[in-house]
Amino acid sequence: MTLPVIAEIRVRAVDAPLDPPLRNSLNVIPRAPLVIVDVRTACGAAGTAYVFPYTPAALGPTAALARSLGAGLVGRTLAPATIWRELHDAGRILGTEGLVQIALSALDMAMWDALAVRAGLPLCTLLGGEARPVPIYASLRGWGPAMLAEEAGKAVATLGARWLKFKIGHARLEDDLDTVRAVREAVGDEVGILVDYNQALSLPEAERRGRALEALDIRWLEEPLPVQDDAGLAELARRLTVPVQGGENWWGPASMQRALAAGAVDLCMPDAMKIGGVTGWMRAAAIAAAHRVPMSSHIFIEASAHLLNVTPTAHLLEHLDVAAPLLDVPLAVRDGMALVADRPGMGIVWNEAALTQHAADV
């Protein structure tokens, strides 16, 4: 197949409501500010992708970075892995973390999507895999025992979820334990429970809470310590029997390599936006395979369903659907399994009326 030439890169921004909002011990996230990148090739094939910079304040700068970087790619051959390496090399002095990485990942994912559309193949097939159903964990949005117990019951009933994750980190350990007990009562013993501390604890407190939570049969303890504390996380992983999970806040494959070499986690879950898009994910998957670490995903469910199908140590897909209100056909889930869309590329088809309704002028 002759590679096409990039003819146009368009960047759009939307600010859509999250219903229900995302809650954790620190804040409430009521909206989903998304940057959408569309890549059109000279042969007519087009690809699309989105990133989620979390706050409206970051929406404009992220879109501006993607536009500026994208403008320099027009006229280039559509070769995402080559372009990824060149852009990261060019950004070495500035640094390619934070919003720079987010913008680079948006471009990378949209280019891979366009390449798969050009080939008439689902992205995972283009990457050498098969479009198989992927097991999910339902990522709950609520806070506190009553809200989470109700949401957990609905996730099991509507999605067939066999795994559930939710945020804890109350001031008192007993309130965390009460939350886990309430969810367990709502869903029964056959559903795996995963908990997330969002980097909120010290090492002594993480050990204290981890030991108490082990007795309630939780299946992973996510981000108990700050992501930069590889040594502390490695020590915690040695002290606990419950697996320590982390990775959504790793910036690029090199950050992941350092964490896994340090033994900072037992399980990993890179974020497609922060790890470097499709190209960064493929590098990360090879690192996880070399360390024999099970690898799950963090949000970006449309891309992640494809990427987990080419991940040697694939574990679970996080089902947290932030883009669904903006899509013609959201990713389908049946009996706890995400069904990869039988369409070329990642299968993202935007509802243009919804994008217009929630457009952000940035």
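This structure is a prediction, so every number in the text was calculated from the model and none was measured.

Engineer: I tried to follow the UniProt feature "domain: Mandelate racemase/muconate lactonizing enzyme C-terminal" (unreviewed entry) in the chain on my own but got confused; where do I start?
Structural biologist: Following the UniProt record, one finds the feature "domain: Mandelate racemase/muconate lactonizing enzyme C-terminal" (unreviewed entry) at residues 145-243. In the segment residues 145-243, helix accounts for 53% and strand for 13%; the C-alpha atoms at its two ends are 23 Å apart.

Engineer: What is the right way to read the pattern of salt bridges from this model?
Structural biologist: Counting across every chain of the model gives 24 salt bridges. Residue Glu 8 is joined to Arg 40 by a salt bridge in which the shortest nitrogen-to-oxygen separation is 3.1 Å. In this pair, Glu 8 sits in strand S1 (residues 6-23) while Arg 40 sits in strand S2 (residues 28-41), placing the two residues 32 residues apart along the sequence. In this structure, the salt-bridge partner of Glu 150 is Lys 154, at a minimum N-O distance of 3.4 Å. Of the two residues, Glu 150 and Lys 154 both sit in helix H5 (residues 145-159), 4 residues apart, roughly one turn of that helix. Look at the salt bridges and you will find they share partners, linking Lys 165, Lys 167, Asp 196, Glu 222 and Glu 318 into a network.

Engineer: How do you make sense of the nonpolar core when you look at a structure like this?
Structural biologist: Inside soluble globular proteins, nonpolar side chains tend to come together where they are buried. Within the largest apolar cluster, 117 residues are counted, with the highest numbers of intra-cluster contacts made by Leu 164 and Met 256. When residues in this core are grouped by element, the largest group, 13 residues, is from helix H3 (residues 98-119). With near-sequence residues (within four places) excluded, Leu 164 lies in contact with Tyr 137, Ala 138, Leu 140, Ala 152, Ala 155, Val 156, Val 183, Val 187, Val 191, Gly 192, Ile 193 and Leu 194. Residues Tyr 137, Leu 267, Met 269 and Leu 316 belong to the second largest nonpolar core, which totals 6 residues.

Engineer: Just checking my understanding: could you explain helix H12 (residues 301-308) for this structure?
Structural biologist: The periodicity of an α-helix, 3.6 residues per turn, causes residues three or four positions apart to be oriented the same way. Counting buried positions over the 8 residues of H12 gives 8, a clear majority of the element. Buried within H12 are the following residues: Ile 301, Glu 302, Ala 303, Ser 304, Ala 305, His 306, Leu 307 and Leu 308.

Engineer: Even after reading the chapter, I still don't get helix H7 (residues 203-214), so can you show me in this structure?
Structural biologist: End to end, H7 covers 16 Å across 12 residues, agreeing with the expected 16 Å (1.5 Å per residue, within 8%). Along H7, the residues that are buried comprise Glu 205, Ala 206, Glu 207, Arg 209, Gly 210 and Leu 213.

Engineer: Explain the environment of Leu 140 here, please?
Structural biologist: Its place among the elements puts Leu 140 in the loop between strand S4 (134-139) and H5. Judged by relative accessible area, which is 5%, Leu 140 ranks as buried. Residues Leu 140 and Arg 92, 48 residues apart in the sequence, show an inter-C-alpha distance of 37 Å. For Leu 140, the residues in contact, after removing those within four places along its chain, are Leu 148, Glu 151, Ala 152, Ala 155, Leu 164, Lys 165 and Phe 166.

Engineer: Explain the packing of helix H2 (residues 80-90) against H3 to me, please; I cannot follow it from the model alone.
Structural biologist: Each pair of packed helices gets described by two things: the angle between the helix axes and the distance between those axes. Two elements in contact, H2 and H3, have axes whose closest approach is 10 Å; the angle formed by their N-to-C orientations is 165°. Classified by the angle their axes make, H2 and H3 are roughly antiparallel. For the crossing formed where H2 meets H3, the hand is right-handed. For the pair formed by H2 and H3, the contact residues are Pro 80, Ala 81, Ile 83, Trp 84, Leu 87 and His 88 on the first element and Gln 101, Leu 104, Asp 108, Met 111, Trp 112 and Leu 115 on the second.

Engineer: Explain unusual backbone geometry to me, please; I cannot follow it from the model alone.
Structural biologist: Working note: non-glycine residues mostly have negative phi, and peptide bonds are mostly trans. Here the bond from Asp 19 into Pro 20 is cis, since omega is 0°, no more than 30 degrees from zero. Phi at Asn 198 takes a positive value of approximately 50°, unusual for a residue other than glycine. Mapped onto the elements, Asn 198 comes out in the loop between strand S6 (192-196) and H7. In this structure, Arg 292 takes a positive phi of about 60° despite not being glycine. Assignment of secondary structure puts Arg 292 in the loop between helix H11 (277-291) and H12.

Engineer: Explanation requested: the packing of H3 against H11 in the structure shown.
Structural biologist: Across the interface, H3 lies against H11 with an axial gap of 6 Å and an inter-helix angle of 90°. If you check the angle between H3 and H11, you find them roughly perpendicular. Contacts between H3 and H11 involve Ser 105, Asp 108, Met 109 and Trp 112 on the former and, on the latter, Gly 277, Val 278 and Thr 279. Looking at the contact of H3 with H11, its residues break down into 3 nonpolar, 3 polar and 1 charged.

Definitions and limits used
- Residues numbered from 1 in each chain as written.
- Predicted model: local features only at pLDDT ≥ 70, side-chain atom pairs only at ≥ 80, totals over all residues.
- Heavy atoms only, no water.
- UniProt positions renumbered as here; feature names shortened; annotations may be inferred.
- Helix = DSSP H or I, 4+ residues; strand = E, 2+ residues; numbered from the N terminus.
- Salt bridge = Lys/Arg side-chain N within 4 Å of Asp/Glu carboxyl O.
- Core = buried A, V, L, I, M, F, W, Y, C linked by side-chain atoms within 4.5 Å.
- Buried < 20%, exposed > 50% of the residue type's maximum accessible area, 1.4 Å probe, protein only.
- Contact = heavy atoms within 4.5 Å.
- Expected span 1.5 Å × (residues − 1).
- Axes fitted to C-alpha atoms, helices over the stretch in contact; angles between N-to-C directions.
- Parallel < 35°, antiparallel > 145°, perpendicular 65-115°, else oblique.
- Left-handed = near helix turned anticlockwise from the far one by under 90°.
- Nonpolar A, V, L, I, M, F, W, Y, C, P; charged D, E, K, R; others polar.

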